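Here is how the chains run, residue by residue.
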Amino acid sequence: MATLTVPATVPSPTEDSEQLRKAFEGWGTNEALIISILAHRNASQRRLIRETYARIYGEMLLKSLNDEISGDFERAVILWTLDPAERDAMLANEAVRNWKQGNRALIEIACSRTSTELFAVRQAYHALFKRSLEEDVAAHTTGSFRKLLVPLVSSYRYEGPEVNMKLAKSEAKILHEKISDKAYDHEDLIRILTTRSKAQLIATLNQFNNEFGSAFNKNLKSDPKDEFLASLRAAVRCFSCPERYFAKVARVAIEGLGTDENALTRVITTRAEVDLQLIKEAYMKRTSVPLDRAVAGDTSGDYERMLIALLGA
Amino acid sequence: MATDEQLALTRALSGDGGLGVEESTLVSIIGKWRKKPEHISSFRKSFNRLFSITGHIEKCEDDHMQKLVIEFSRFHQITVLWAMHPHERDARWANQVIHKNHPSSILVEIASTRSAEELLGARKAYQTLFHHSLEEDVAYQVKDSKSKLLVGLVSAYRYEGQKVDNDVAKSEAKAIHNALKTAGANKIIENDEVVRILTTRSKPHLKAVFKYYKELHGKYLEEDLSGDALLQQTVLCLDSPASYFSQVINSAFKEGANHAETEGLSRVMVSRSDVDIEEIKEAYAKLYGAKLADVISKKTHGYFRDSLLSLAGEARA
């Protein structure tokens with residue numbers, strides 16, 4: 001369930017555009033006004049505002065935002081304002097250009113979006129960056145990560161609920177064999193995780209648990225520092241229990257010294273229209289602290305106000 | 001008179017001398033020999049490929065009957081294929097490679113010669129028809145060294161614009177050359193860099209890579225790939241689909257062409273008629289020194305021949 005709140009009567013895109021323009025004019029910027037409008041419009045409303053703003057003022061709304069605001073607040077507002085497909089394409093491009101093995105953005109996009117949404121991301125990527133997503137991922141990653149990530153972002157999984165139990169049993173066996181041999185990037189393991197439908201995968205993982213006494217992910221913890229194993233676990237959690245996965249990303253971003261603003265922004269802006277409510281519940285269950293309170297305690301200023309607005313507070 | 005017609009009937013029913021059957025000849029002979037059972041009886045006695053004397057009758061031979069079914073149904077097959085949605089066609093052909101052991105070259109053809117949107121359409125149609133994704137079935141069924149290349153090719157959603165980074169293209173041409181030198185020729189199909197470049201880069205980019213390859217190393221990449229037919233085909237499909245399709249058409253007409261090769265003729269003509277049949281005709285003339293329309297008129301019969309000529313945008317013979 002989403003946390004986005006939209007007013008009962010929504011002003012026309014023209015009124016919204018005029019108000020936003022007012023927020024930019026003169027000395028300084030009216031950040032509160034920006035938040036009060038953009039953080040309370042859904043994707044199609046935001047798209048209409050962008051089209052109307054460009055038509056009236058001859059300038060892209062995103063460019064005006066880029067000129068007027070800055071820092072973590074700017075990043076949150078811009079990511080939020082984009083269409084979900086463009087947003088994911090930008091996050092993917094960022095991840096690819098500054099590739100680090102612990103980066104989860106590509107895995108999240110490939111595993112927690114639907115097949116149609118992932119394909120829309122690939123189309124948006126073409127339009128924005130004049131290359132295909134898979135060619136950039138392939139060119140910037142190496143070794144086991146490339147073996148995993150290229151098929152992951154190229155997948156167009158079947159979305160139906162049909163499950164073949166015999167196949168689930170035999171593929172659970174294959175998974176078990178490969179991880180017992182520590183062949184974590186074996187092509188059969190990769191094939192199963194990156195091509196099977198989500199329903200089929202969940203059945204396979206359940207069979208794994210039944211047959212071998214412990215969950216698949218528990219068997220991928222042999223080396224806590226191994227980033228590839230962590231990526232495999234993240235992929236599995238993204239398609240089987242996305243709310244708990246994202247709650248953990250938020251928790252890790254907030255806990256400890258300092259805050260990982262990029263990760264926090266990513267979770268909140270990409271899930272506010274999807275399942276941020278469920279993520280909040282999972283977060284509360286795990287930490288006994290409401291996510292809004294944790295975010296308020298760890299961030300400040302306009303950035304904090306933007307996140308809190310998207311959290312539905 | 002009877003002998004001429006016997007010859008014509010023999011030709012029509014023998015399955016030799018070309019593909020398809022001459023329906024109009026058969027119909028006219030049926031008319032001419034009405035109430036003349038001695039003509040058809042003497043034909044049966046003389047045509048021992050289809051009939052063999054068993055007991056008091058000339059029995060029909062099963063094997064030859066099968067062959068006849070194929071020849072008579074070429075027109076049927078091409079019509080149904082023509083009527084189908086292009087995405088369903090591609091999905092069904094792909095499924096035949098995976099589940100009916102048709103040659104993998106068909107999968108490479110579909111994945112490399114269709115546009116990015118057409119390939120996506122084929123993948124969607126595949127899901128609708130077969131309740132699996134195309135890549136999951138390919139990955140599961142193809143367990144040998146071809147797997148990396150094939151899965152990569154069917155999963156691609158290549159950028160379709162013209163923008164090319166020439167420095168990257170040059171360095172990738174060098175990378176392919178190095179991979180060819182260091183790997184043994186039979187392992188090259190599994191080489192990560194070669195597969196990455198061929199299965200993810202855009203077609204304009206790849207054309208530039210192939211061009212730089214020739215400039216830097218003196219030989220065409222296809223020549224250097226002669227040890228691996230599938231890779232060679234992939235490069236040809238990506239670089240010059242019209243030449244590739246001309247080759248498929250030509251194999252269908254050669255002596256002793258097998259069933260898969262003759263089916264290739266129907267597949268290419270139906271799938272390219274609305275796309276690039278003009279370029280294919282040009283490429284065919286250049287490669288084989290003959291007009292495609294002439295070869296079709298000589299080597300095919302009846303409604304099958306007429307439908308091929310129509311698909312090629314030619315007037316009927």
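The rules we used
Residues numbered from 1 in each chain as written. Chains lettered and ligands numbered in written order. Predicted model: local features only at pLDDT ≥ 70, side-chain atom pairs only at ≥ 80, totals over all residues. Heavy atoms only, no water. Helix = DSSP H or I, 4+ residues; strand = E, 2+ residues; numbered from the N terminus. Rg over C-alpha atoms; globule rule 2.2 N^0.38 Å. Buried < 20%, exposed > 50% of the residue type's maximum accessible area, 1.4 Å probe, protein only. Contact = heavy atoms within 4.5 Å. Areas by Shrake-Rupley, 256 points an atom, 1.4 Å probe, with all protein chains shown as cover. Lys, Arg positive; Asp, Glu negative; His and termini not counted. Charge placed at Lys NZ, Arg CZ, Asp CG, Glu CD. Polar contact = N/O pair within 3.5 Å; in protein donor to acceptor, adjacent residues only side chain to side chain. UniProt positions renumbered as here; feature names shortened; annotations may be inferred.

A. Seen up close, the overall build of chain A. Along its length, chain A carries 19 helices and 0 strands. The C-alpha atoms of chain A give 21 Å as radius of gyration, which agrees with the globular expectation for 313 residues (20 Å, within 12%). Based on the C-alpha atoms only, the size of chain A along its principal axes is roughly 65 × 45 × 35 Å. A buried classification covers 54% of the 313 residues belonging to chain A. For chain A, contacts bridging at least 24 residues in sequence account for 70% of all contacts bridging at least 6. Accessible surface computed for chain A: about 13500 Å², of which carbon and sulfur atoms make up 51%. Mean positive and mean negative side-chain charge positions of chain A (43 and 43 charges, respectively) differ by 6 Å.

B. Representation of the side chain of A:Glu135 within the structure. If you trace the backbone, A:Glu135 turns up in helix H9 (residues 133-140). A polar atom in the side chain of A:Glu135 sits 2.5 Å from the side chain of B:Arg201. Setting aside residues no more than four positions away along its own chain, A:Glu135 makes contact with B:Tyr159, B:Thr200, B:Arg201 and B:Ser202.

C. Here's a closer look at unusual backbone geometry. Residue and element names in this part refer to chain A. At Lys182, a residue that is not glycine, the phi angle is positive and equals roughly 55°. Here Lys182 is to be found in the loop between helix H11 (165-180) and helix H12 (187-195). On the basis of relative accessibility, which here comes to 56%, the residue Lys182 falls in the exposed class.

D. Representation of the UniProt feature "binding site: Ca(2+) 3" (unreviewed entry) in chain A. Residue and element names in this part refer to chain A. Under the UniProt annotation, the feature "binding site: Ca(2+) 3" (unreviewed entry) is placed at Asp298. Mapping Asp298 onto the fold places it in helix H18 (residues 291-298). Residue Asp298 is classed as partly exposed on the basis of its relative accessible area, which comes to 29%. With residues near it in sequence (within four places) discarded, Asp298 still touches Ala253, Ile254, Gly258 and Thr259. At 2.4 Å, the side chain of Asp298 forms a polar contact with the side chain of Thr259.

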